[in-house]
Amino acid sequence: MERLELAKNLRLYAHASSGVGSLPLEELKRRGIAVTNGSGLMPCISEQVLGYLLIFVRDLREGMRRQKRREWRHYQPGELTGSTVTVVGLGSIGTQLLKRLEPFGVERLGVRHTPEKGGSADEVFGYDEIHEPFSRSDYIVLSCPLTDKTRRLVGRPELQTLSNDAVLVNVARGPVVDTDELVNALRRNVIGGAALDVTDPEPLPAEHPLWEFDNVLLTPHNAGSSPGLLDRVAALLAENVAQADERGEFTGLKNQVVEP
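Calculation criteria
- Residues numbered from 1 in each chain as written.
- Predicted model: local features only at pLDDT ≥ 70, side-chain atom pairs only at ≥ 80, totals over all residues.
- Heavy atoms only, no water.
- Helix = DSSP H or I, 4+ residues; strand = E, 2+ residues; numbered from the N terminus.
- Rg over C-alpha atoms; globule rule 2.2 N^0.38 Å.
- Buried < 20%, exposed > 50% of the residue type's maximum accessible area, 1.4 Å probe, protein only.
- Contact = heavy atoms within 4.5 Å.
- Areas by Shrake-Rupley, 256 points an atom, 1.4 Å probe, with all protein chains shown as cover.
- Lys, Arg positive; Asp, Glu negative; His and termini not counted.
- Charge placed at Lys NZ, Arg CZ, Asp CG, Glu CD.
- Pairing = 2+ DSSP bridges.
- Axes fitted to C-alpha atoms, helices over the stretch in contact; angles between N-to-C directions.
- Parallel < 35°, antiparallel > 145°, perpendicular 65-115°, else oblique.
- Left-handed = near helix turned anticlockwise from the far one by under 90°.
- Nonpolar A, V, L, I, M, F, W, Y, C, P; charged D, E, K, R; others polar.
- Core = buried A, V, L, I, M, F, W, Y, C linked by side-chain atoms within 4.5 Å.
- Salt bridge = Lys/Arg side-chain N within 4 Å of Asp/Glu carboxyl O.

Engineer: I'd like a description of the overall build of the protein, backed by residues and values.
Structural biologist: The secondary structure content of the protein amounts to nine helices and ten strands. Its C-alpha atoms give the protein a radius of gyration of 20 Å, near enough to 18 Å, the size a compact globule of 260 residues would have. Looking at the protein residue by residue over its 260 residues, the buried ones come to 45%. When contacts within the protein are restricted to residue pairs at least 6 apart in sequence, long-range pairs at least 24 apart make up 59% of them. With an accessible surface of roughly 13900 Å², the protein has 50% of that area assigned to carbon and sulfur atoms. Within the protein, one finds 30 positive and 36 negative side-chain charges whose respective centroids are separated by 4 Å.

Following this line, the structure appears as structure tokens:
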């Protein structure tokens, strides 16, 4: 809010992230400031998810362990082809991921707040039907926004629905997953593993048990980071400023989430 007080002439704020939950949206609107987000500007997130999936299915962690030991000994990895991936949240990130998954020959299931909108998944379910796709999935990818509906969306019942070799991937927000229940599930081998770019709490304390698991891959909330992001944000901002200048108003802009 201090910085906002200093920005007396601010008319448009371009947020780099897709999520805008950290912004004082009501105050920005009250001050007549238009807001846009970074929806669709971060293909790197879906690329990172593909990396997570391939690390687990090809067991590249074991390969790296053997390399470290200078041990040339065969082991048997799996393959992504023929598996089932459920993507929870079919916004720009989920949609980009589904597109990138198509060439891998996987069954693609989707979960969204309004399943009647459909999507590019083979089947689309609502949040109240989540146990159906979870029961069929080898991989669950969370890419949904954090709302009252999605807070702790994945808890004990949902984790128990998964097969004991399923992998949970979270690039959404940490509180979408009940962390205590995830730790319990990992300790009891209820699921096969997890790849977490976001956690609850965040940053993850050094003494937290999630650091201890060999089958947990942790990255520090950097799935959306790439050298090209700021260039894309700047290009979008320039496009929107030109449009606002032409129209004489900051409305109907690309990726607009708040109109003044």
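Engineer: Give a description of the side chain of R61 that names residues and reports values.
Structural biologist: Looking at the element boundaries, R61 is found in helix α4 (residues 60–68). Excluding residues that lie within four positions of it along the chain, R61 makes contacts with I55, F56, D214, N215 and V216.

Engineer: Run through the sheet that holds strand β7 (residues 167–170), naming residues and quoting values.
Structural biologist: The seven strands are arranged β5-β4-β3-β6-β7-β8-β9 in an open sheet whose pairing can be described as parallel. The two strands at the open ends of the sheet, each matched to only one other strand, are β5 (123–125) and β9 (216–218). Strand after strand, the sheet turns through a mean of 15 degrees between neighbouring axes, direction not considered. In the sheet, strand β3 (residues 84–88) pairs with strand β4 (residues 107–111) via five bridges, with the strands oriented parallel. Note on β4: the bridge partner recorded for T86 is L109. Strand contacts of helix α5 (residues 92–101): β3, β4 and β6 (139–142), with the helix running at about 165 degrees to β3, the strand carrying the most contacts.

Engineer: Lay out the packing of helix α3 (residues 43–57) against α5 in plain terms, naming residues and giving numbers.
Structural biologist: A pair of packed helices can be characterised by two numbers: the angle between their axes and the separation between those axes. Viewed as axis vectors pointing N to C, α3 and α5 meet at an angle of 50 degrees, and their least axial separation amounts to 9 Å. The angle between the axes of α3 and α5 places the two elements in the oblique class. Of the two elements, α3 crosses α5, and the hand of that crossing is right-handed. Seen from α3, the contacting residues are P43, I45, S46, E47, V49, L50 and L53; seen from α5, they are I93, Q96, L97, R100 and L101. Classifying every residue of the contact of α3 with α5 by side-chain character gives eight nonpolar, two polar and two charged.

Engineer: Kindly report on the nonpolar core, identifying the contributing residues and their values.
Structural biologist: Counting 31 residues, the largest nonpolar core has V88, L142, L159, L168 and L182 as the members making the most contacts within it. For this core, the element with the highest residue contribution is helix α8 (residues 179–187), accounting for four residues. With 30 residues, the next largest nonpolar core counts V49, F56, L97 and V169 among its residues.

Engineer: How would you explain the pattern of salt bridges if you had to name every residue and give the values?
Structural biologist: In total, this model carries 16 salt bridges according to the counting rule given. With a closest N to O distance of 3.3 Å, R136 and E132 form a salt bridge. Highlighted residues: R136 and E132, both in helix α6 (residues 131–136), separated by four residues, approximately one helical turn. Residue R136 is classed as partly exposed on the basis of its relative accessible area, which comes to 26%.

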